[in-house]
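Overview (structure and organization)
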Amino acid sequence: MPEAIRPGSIRLIVGLGNPGKDYERTRHNAGFWLLERFAVQSAVVLRKDGKYQALVGRLASNGAWLVLPQGFMNASGHAVQMLAGFFKIPAAEILVVHDELDFAPGVAKMKQGGGIAGHNGLRDISHRLGSHDYWRLRLGIGHPGDKNVVADYVLNKPSAEDRGAIDGAIGRSIEVLPLCLAGDMQGAMQKLHSFEKEKPVEKKPEPKPEPKAAPVPETKPQAMPEKPAAKGLFGSLFSKTKK
C-alpha cells in the first residue's frame, strides 16, 4: 500500500511535450525527457489511458501520479484537469515540468505560480485549472536571440553540447523530487538552486553591418615636365626668333 501523502506534498507530476517520433528529441519535449527518466528510475510503467488522453503511471511509494499528456502542447491541460478533478488534487499539489527559453541549457529552477511566459502548455493548464498556483520545474533550453524564430527553435533538436547540459539539469532535478513528494518544497528549491547560480541565457547577437571603408581621396596626376625642343637642323631653324 502507498504511504499516506502529507498535506502540501506533490501528488501529480506532469511532463510537457508533444507526442510522436517527430517531436521526441526536440527542445519543447524537455518535460517529457525528465518524467520518462524519473519513471524508469522509479520502476513505474507509463500506460496510455484514453480517458485522460495521456500516458499515466503511479508511484508505489506514496501513490503520486506521473502524467505525460498525449494531446499536443496546446491541449496539455485536458489530462491535468481530468486527473486532478477526479482525485481532488489542488493546484498547489501539482508539479509541471517544462522547457524554459529564458534559462541557458543546464539551468533548472523551481517556483510556485507566476505567469505563463508565452508557453502554450502552461496557458492551457492555467486555463483549465482556473489557477496559476501549481508548481513549475523549469528546464533551460536557451533562446535563439530572435523572438520571430522561437517557434522553429523549440521544435528543433538541441546541439549535442546543449543536450548534455539539459540532461545534467534533469539529473539534478530528479534528485530533489523525493523532497517534493514528501512536501518539503522549500528544501527541494534550496537544494536544486544551490547546484549553481542562475546563468542568464546568452542571446545570439544580431550580425552587425561591416563598417564601410573610408573613401580614398583622388590624387591628380602630376604634370610631366615638358621635353626640351628637339635640336638639329629644323630645331635650330624654328627656335630662332626674328629680330
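The structure we're discussing is the one just above.
Residues numbered from 1 in each chain as written. Predicted model: local features only at pLDDT ≥ 70, side-chain atom pairs only at ≥ 80, totals over all residues. Heavy atoms only, no water.

**Concerning the overall build of the protein**
- From N to C terminus, the protein includes 7 helices and 7 strands.
- Starting at the N terminus and walking to the C terminus, you meet the elements of the protein as β-α-β-β-β-α-β-β-α-β-α-α-α-α.
- Looking at the protein as a whole, 43% of its 243 residues qualify as buried.
- Long-range contacts, defined as pairs at least 24 residues apart, comprise 72% of the intrachain contacts of the protein with a sequence gap of at least 6.
- Accessible area of the protein: about 14900 Å², with a carbon and sulfur share of 55%. (Helix = DSSP H or I, 4+ residues; strand = E, 2+ residues; numbered from the N terminus. Buried < 20%, exposed > 50% of the residue type's maximum accessible area, 1.4 Å probe, protein only. Contact = heavy atoms within 4.5 Å. Areas by Shrake-Rupley, 256 points an atom, 1.4 Å probe, with all protein chains shown as cover.)

**Points about helix α6 (residues 185-193)**
- Along α6, the residues that are buried comprise M185, G187, A188, M189 and L192.
- As for α6, its buried residues are in contact with β6 (108-112), β7 (135-140) and α5 (160-181).

**Overview of the nonpolar core**
- Counting 38 residues, the largest nonpolar core has I13 and M110 as the members making the most contacts within it.
- For this core, the elements supplying multiple residues, two or more each, are α1 (30-41), β4 (65-69), β5 (94-100), β6, β7, α4 (150-154), α5 and α6.
- With 8 residues, the top contributor of residues to this core is α5.
- Sequence-distant contacts of M110, defined by excluding residues within four places in its chain, comprise W135, R136, L137, R138, V176, C180, M185, A188, M189, L192 and H193.
- Listed in part, the 21 residues of the second largest apolar core include V14, I94, L122 and Y134. (Core = buried A, V, L, I, M, F, W, Y, C linked by side-chain atoms within 4.5 Å.)

**Focus on helix α2 (residues 77-86)**
- For α2, the full list of buried residues reads G77, H78, A79, V80, L83 and A84.
- Where α2 is buried, its residues meet β1 (12-15), β3 (54-58), β4, β5 and α3 (120-129).
- In the segment just after α2, K88 is the residue with positive phi, at about 55 degrees.

**Concerning unusual backbone geometry**
- At K88, a position not held by glycine, the phi torsion is positive, near 55 degrees.
- For K88, a relative accessible area of 67% corresponds to the exposed category.
- Even without being glycine, A117 reaches a positive phi, approximately 50 degrees.
- Given a relative accessible area of 68%, A117 falls into the exposed group.

**Some remarks on the packing of aromatic side chains**
- Applying the stated criterion across every chain yields a total of 3 aromatic pairs.
- Between the aromatic rings of W65 and F87, the centroid separation amounts to 4.8 Å while the plane-to-plane angle is 35 degrees, which identifies the pairing as tilted. Placement of the pair is W65 in strand β4 and F87 in the loop between α2 and β5, with a sequence separation of 22 residues.
- Residue W65 is classed as buried on the basis of its relative accessible area of 14%.
- Taking the relative accessible area as the measure of exposure, F87 reaches 26% and is therefore partly exposed.
- Each ring, one from F86 and one from F87, has its centre 5.0 Å from the other, and the planes form 80 degrees; the classification is edge-to-face.
- A residue is classified by how much of its surface remains accessible, and F86, at 54% relative accessible area, is exposed.
- Pairwise contacts between aromatic rings join W65, F86 and F87 into one cluster.
- Sitting over the face of the ring of Y153, R27 holds its NZ or CZ atom 3.8 Å from the ring centroid. (Phe/Tyr/Trp six-rings, centres within 6.5 Å; stacked < 30°, edge-to-face > 60°. Lys NZ or Arg CZ within 6 Å of the ring centre and 35° of its normal.)

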